[in-house]
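Single-letter residue listing:
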Amino acid sequence: MSEPFTPDELEAARKLFARETKFMMGAVNMAGLPDSDLPEVAFAGRSNVGKSSLINAVTGRTHLARASNEPGRTREVNFFVLDERLRLVDLPGYGFARAAKGEVKKFQNLGRDYLRGRPNLKRAYLLIDARHGLKPVDGEAMDAFDTAAVSYQIVLTKADKLKAAEVAAVTEKTLKQIAKRPAAFPRVLATSSEKGTGIPDLRAEIAAACEIAL
Ligand code: GDP
């Protein structure tokens, strides 16, 4: 696969994400969402997939997304603003076995309502643990994106835990699995928040999705 971004674009994206990212707010219902006045990208995935770590890595911050992992915060849709130009949206993690069933439904519904009703949502990133690949519960998340016609891209996390050939294999397999999904972006990004792998590319993807000229 050819490199989608030039070195200049990657550098411009690095500079964009070096600007200030602030925690804006957490919303517990649709009425509590901020105005849809800035482009947004959303991050979704199973609990423990590495979502907070990825948001921190992309923004170059250590503790930014930690708030979302605190008890009570996990049910919220959390908004972070980058340079007053775009928002990163942390959706509630799913597949969290310890939460009561009713509670799970409640915050999953909020995630779903957000996807359906957000005109400024430019793309969703569906995080998948590179070691595990797509699971049935991820299929449900993809169904929700496809139904809502929200463009989404698969981001493999924790790629540092695998050998390069294994990452290549899971990337290929995932591409095949999403081939018939109407709203899936046909490029799978392998990342490691720990090593920084794929993070420059993800920044460039986000900037492009938000139509910010690099
Ligand atoms: P979240 O629940 O999806 O927000 O997941 P976290 O970001 O809290 O990460 C869950 C666990 O995975 C933590 O123990 C992290 O240290 C670990 N983790 C996250 N990203 C990476 C990564 O890129 N590489 C490795 N090896 N571990 C990671």
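Position numbers for residues start from 1 in each chain and track the written sequence from start to end. For this predicted model, a pLDDT threshold of at least 70 governs which residues receive local features, and a threshold of 80 or more governs which side-chain atom pairs are given and counted, while totals over whole chains, interfaces and linings are taken from all residues. Just so you know, side-chain values use all the structure's heavy atoms and leave hydrogens and water out.

The subject of this paragraph is unusual backbone geometry. One non-glycine residue, Asp83, lies in positive phi territory at about 55°. Working definition: helices are DSSP H or I runs of at least four residues, strands are E runs of at least two. Numbering for both runs from the N terminus. Here Asp83 lies in the loop between β3 (77-82) and β4 (86-90). In this model, Ala149 sits at a positive phi of 55°, which is unusual for a non-glycine residue. Mapped onto the fold, Ala149 is located in the loop between α4 (136-148) and β6 (152-157).

Residues are counted as near a molecule or strand when any one of their heavy atoms sits within 4 Å of it. As a matter of local geometry, the ligand sits amid 13 residues, with Lys51, Ser52, Ser53, Asp160 and Ser193 nearest to it. Definition of a polar contact: a pair of N or O atoms within 3.5 Å, with one able to donate and the other able to accept a hydrogen when the atoms are protein atoms, and with sequence-neighbouring residues admitted only if both atoms are side-chain atoms. Take Gly50: an N or O atom from its main chain is 3.0 Å from an oxygen atom of the ligand. Within the side chain of Ser52, a nitrogen or oxygen atom sits 2.6 Å from an oxygen atom of the ligand. Using a 1.4 Å probe, the Shrake-Rupley method yields the accessible areas, and only the shown protein chains count as cover for residues. Protein burial of the ligand: of its 580 Å² of free accessible surface, 75% is covered by the chains. When residue character is reported, Ala, Val, Leu, Ile, Met, Phe, Trp, Tyr, Cys and Pro are called nonpolar, Asp, Glu, Lys and Arg charged, and the others, Gly included, polar. Of the residues contributing to the shell around the ligand, the split by class is 1 nonpolar, 7 polar and 5 charged.

Membership of the largest hydrophobic core comes to 31 residues, with the highest contact counts inside it found for Leu91, Tyr114, Leu115, Leu126, Phe145 and Ile154. When residues of this core are traced back to their parent elements, those giving at least two are β2 (40-45), β3, α3 (101-116), β5 (121-129), α4, β6 and α5 (164-178). Two residues form a contact once any of their heavy atoms are found within 4.5 Å. In contact with Ile154, not counting residues within four places along its chain, are Leu126, Ile128, Leu134, Met142, Thr174, Ile178, Arg187, Val188 and Leu189. Ranked by size, the runner-up nonpolar core spans 26 residues in total, among them Val49, Ile55, Val58 and Leu86. Residues belong to a common nonpolar core when they are buried Ala, Val, Leu, Ile, Met, Phe, Trp, Tyr or Cys residues joined through side-chain atoms within 4.5 Å. Remark: exposure states derive from per-residue accessible area (1.4 Å probe, protein chains only) relative to the maximum for the residue type, with buried under 20%, exposed over 50%, and partly exposed in between.

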